[in-house]
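Now for the letters of each chain:
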Amino acid sequence: MSVSAVAADRSVCAPLPVLGRDVRVPLVTGGEVDYAALDYAASAPALQRVWDDVAAYAPYYGSVHRGAGYLSQLSTDLFENSRRTIAEFLGCGAEDQVVFTRSTTDSLNLLAAVLPQDTRVFVFETEHHASLLPWEQRADVAVTYLNAPRTPQQAVDTLEKALAEREPYGPALVCVTGASNVTGELWPVRELAAAAHAHGARIVLDAAQLVPHHPVDLAELDVDWVAFSGHKLYAPFGAGVLAGRADWLQDAAPYLAGGGASRKVSRRTDGGVDVEWHTTAARHEAGSPNVIGAYAIASACRALSEAGFEGLVAREQALITRVREGLAEVPEVNVLSLFGEDASRVGVLSFVVEGWNSSHFAAALSAEYGIGVRDGLFCAHPLVRTLLGSEPQEPGECGAPDSAPGERSLNAIRVSFGAGTPDEHVERFLRAVKELVTDGARWNYRTEDGRCVPAV
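Every chain begins its residue count from 1, and numbering advances along the sequence as written. Restriction of local features to residues with pLDDT of at least 70 applies here, the model being predicted, together with a cutoff of 80 or more for giving and counting side-chain atom pairs; totals for whole chains, interfaces and linings are based on all residues. Heavy atoms throughout the structure, all of them, feed into the side-chain values; hydrogens and water do not.

## Some thoughts on the overall build of the protein chain
In this text, helices come from DSSP runs of H or I with a minimum length of four residues, and strands from runs of E with a minimum of two, each type numbered from the N-terminal end. Along its length, the protein chain carries 14 helices and 19 strands. Our radius of gyration is a C-alpha quantity, and the globule rule it is checked against amounts to 2.2 Å times the number of residues to the power 0.38. In terms of C-alpha radius of gyration, the protein chain reaches 23 Å, essentially the compact-globule figure of 23 Å for 456 residues. The principal-axis extent of the C-alpha atoms belonging to the protein chain is close to 80 × 55 × 45 Å. A 1.4 Å probe rolled over the protein chains alone gives each residue an accessible area, and that area as a share of the maximum for its type sets the label: buried under 20%, exposed over 50%, partly exposed in between. For the protein chain, buried positions account for 54% of its 456 residues. Areas reported here follow the Shrake-Rupley algorithm with a probe of radius 1.4 Å; residue values treat only the protein chains shown as occluding. A total of about 19200 Å² of accessible surface is found on the protein chain, and carbon and sulfur atoms cover 50% of it. Within this scheme the basic residues Lys and Arg register as positive and the acidic residues Asp and Glu register as negative, but His and the chain ends are omitted. Working definition for charges: the position is that of NZ of Lys, CZ of Arg, CG of Asp or CD of Glu. Charge centroids of the protein chain, computed over 37 positive and 58 negative side chains, lie 4 Å from each other.

## Examining the sheet that holds strand β4 (residues 97-101)
DSSP-based pairing: two strands are paired if at least 2 bridges between them are found. With mixed pairing, seven strands are arranged side by side in an open sheet as β4-β10-β9-β8-β7-β5-β6. Strands with a single pairing partner mark the edges of an open sheet, and in this sheet they are β4 and β6 (142-146). Neighbour-to-neighbour, the strand axes of the sheet open up by a mean angle of 20°, direction not taken into account. Relative to strand β10 (residues 240-244), β4 is paired through five bridges, and the arrangement is antiparallel. Within the sheet, the bridge partner assigned to valine 98 lies in β10 and is alanine 243. The axes are straight lines fitted to the C-alpha atoms, using for helices just the contacting stretch, and the angles between their N-to-C directions are given from 0 to 180°.

## Let's talk about the sheet that holds strand β17 (residues 412-416)
Here four strands make up an open sheet; going across it, the order is β13-β14-β17-β16 and the pairing antiparallel. Here the strands that pair on one side only, and so sit at the sheet edges, are β13 (333-335) and β16 (374-376). Within this sheet the neighbouring strands show an average axis-to-axis angle of 30°, counted without direction. Here β16 pairs with β17 via three bridges, running antiparallel. Directly across from aspartate 375, in β17, lies its bridge partner isoleucine 413.

## So, a nonpolar patch on the surface
On the surface, Tyr60, Tyr70 and Leu71 cluster together to form a nonpolar patch covering roughly 330 Å² of accessible area. With respect to the secondary-structure elements, tyrosine 60 resides in the loop between α2 (48-57) and α3 (70-89). For patch building, the residue pool is restricted to those with more than 30% relative accessible area and no salt bridge; the joining distance is 9 Å between like charges and 5 Å between nonpolar side chains (Val, Leu, Ile, Met, Phe, Trp, Tyr). The term salt bridge refers to a side-chain nitrogen of Lys or Arg lying within 4 Å of a carboxyl oxygen of Asp or Glu.

## Concerning the packing of aromatic side chains
Between rings of Phe, Tyr and Trp, where Trp is taken as its six-membered ring, a pair exists when centres lie within 6.5 Å; planes separated by under 30 degrees are stacked, by over 60 edge-to-face, and by other angles tilted. One pass over the full model with this rule turns up twelve aromatic pairs. Each ring, one from phenylalanine 89 and one from phenylalanine 309, has its centre 6.2 Å from the other, and the planes form 40°; the classification is tilted. Here the residue phenylalanine 89 occupies a position in helix α3, and phenylalanine 309 occupies one in helix α11 (residues 309-328), the gap between them amounting to 220 residues. Across this residue pair, the class does not change: phenylalanine 89 and phenylalanine 309 are buried. Here the aromatic cluster, defined as three or more aromatic residues joined through ring pairs, consists of Phe351, Trp356, Phe361 and Phe429.

## Focus on the pairing of strand β5 (residues 120-124)
Among the five residues that make up β5, four are buried, leaving the element largely enclosed by the rest of the structure. Of the pairings in the sheet, the one linking β5 to β6 comprises five bridges and is parallel in character. Counted as the bridge partner of phenylalanine 124 is leucine 146 from β6.

## Quick word on the nonpolar core
In these notes, a set of buried Ala, Val, Leu, Ile, Met, Phe, Trp, Tyr and Cys residues joined through side-chain atoms within 4.5 Å is what counts as a nonpolar core. Counting residues in hydrophobic clusters, the biggest one holds 87 residues, and the most contacted among them are Ile86 and Leu90. Contacts are residue-level and defined by heavy atoms, with any inter-residue pair within 4.5 Å sufficient. Residues within four places of isoleucine 86 in sequence aside, it is in contact with Val98, Phe100, Phe228, Val241, Ala294, Ile297, Ala298 and Cys301. Core analysis: the next-biggest nonpolar cluster, separate from the first, contains 33 residues, Phe361, Ala362, Ile413 and Val415 among them.

## Quick word on the pairing of β10
Counting buried positions along β10 yields five of five residues, so the element is predominantly enclosed. With burial as the criterion, each face of β10 is covered, one bearing Gly240, Leu242 and Gly244 and the other bearing Val241 and Ala243. In this structure, strand β9 (residues 225-229) lies alongside β10, joined through five bridges in antiparallel fashion. Each residue of the ladder has a partner; that of valine 226, found in β10, is alanine 243.

## Some thoughts on the side chain of aspartate 53
By the element assignment, aspartate 53 lies in helix α2. Residues in contact with aspartate 53, not counting those within four places in the same chain, are Tyr295, Ser299 and Arg302.

## Brief notes about the pattern of salt bridges
One side chain can pair with another of opposite charge once the charged atoms of both are near each other. In this structure the tally under the stated criterion is 26 salt bridges. Note that glutamate 80 is salt-bridged to arginine 83, the shortest N-O span being 2.9 Å. Of this pair, glutamate 80 and arginine 83 both sit in helix α3, three residues apart, which is roughly one turn of that helix. Between arginine 202 and aspartate 247 there is a salt bridge; the shortest N-O distance is 2.7 Å. Here the residue arginine 202 occupies a position in strand β8 (residues 202-206), and aspartate 247 occupies one in helix α9 (residues 247-251), the gap between them amounting to 45 residues. Residue arginine 202 is classed as buried on the basis of its relative accessible area, which comes to 12%. With relative accessibility at 25%, the residue aspartate 247 sits in the partly exposed group.

## Observations concerning unusual backbone geometry
For the peptide bond that leads from glutamate 167 to proline 168, omega is -5°, which places it in the cis range. Position of proline 168 among the secondary structure elements: in the loop between α6 (152-164) and β7 (172-177). Positive phi, close to 60°, is recorded for phenylalanine 378, a residue that is not glycine. Tracing the backbone through its elements, the reader meets phenylalanine 378 in the loop between β16 and α13 (381-388). On the accessibility criterion, phenylalanine 378 (5% relative accessible area) is buried. Positive phi outside glycine occurs at aspartate 449, with the angle close to 50°.

Structure below.
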């Protein structure tokens, strides 16, 4: 069924208005086209609603928690109301905390910093580097990397076996993605959470690629924490969230030391200082917070909830079906997958094209068709190497070509879309793929500063 036919169903909503939908870009072959932003997995465009809300608030901006003036008081109320809005959006319990951070990466580094001593962390090698790497920064934390599973059930079985065999038996944390930033495939979060809790472990969900596409409810998924970034959630103002259980956050030293995290500071007779730290989320929010970033995330949460996730999910699934069917018509295209063709996924797909360097293909999509996609290893090097069947030590950089146009490279192409993607962008992308494979590029390209660019 075509996208237009599915979109005619009343259960499928129209694309949400986003910034940049009318931006015109030049083509090397002449003329201009509307830019087709198909790189949502890197940074989604801002919802028009988010931009309008931020613009309306901007004249009233003030420093929070620190002023008696009207603007400071208004900004404080807005900041704390944003925290409550996000807590509701995530289904947080009364005792849970919502901590504002800079990004998903920052959120998971914060969690790594507050882990109890001698915690053992279990993480699949398929994770984004944001959730793969922070745990190694703690010398008193042991990390077990689990091999890439090839089915959801294998993921659960692998985790259960690793948890059952851990010695000594102490605090443990499982870190897992909700949706892969490479394949878009949904992971069995509820089942993994059940396995973790059955073996006395906690679990944190990297929801960076899940929360823009599906409802995320901590209680329903039975996860202990969730981390995500605003710039994936149509709110690109440099903020993120770590939400969930408060005890480890309260028991640990502040992530950053400074104003805002401290309740009381006094000099000691020996010349030092005594500090009483906050036990609320403020404990880990030292410094002047990103009020606009927090408000933008809350605005996006409200916009998605009001639009209705059921309709958004239905429309995205129609787009996914159309993209997969269209790519399947091109034998030279190989779509990457861990769990197989029938796996459920969000609007993120990666692929390689026989006879093409992935960076060259992505450059041609941009220069000749006005389509923005991503190429590289997507900050998930072990996963992409596994999917491409390469050796773990084989070279390749995130986003940079390591071979000339036409030669094989350890890179892939990623197309991603979401609530603001028009049908036309998807159709143009599929037409461009077929034309490039059939007719080749219409322009010459060269490598410059590690990127494949049109030759002039």
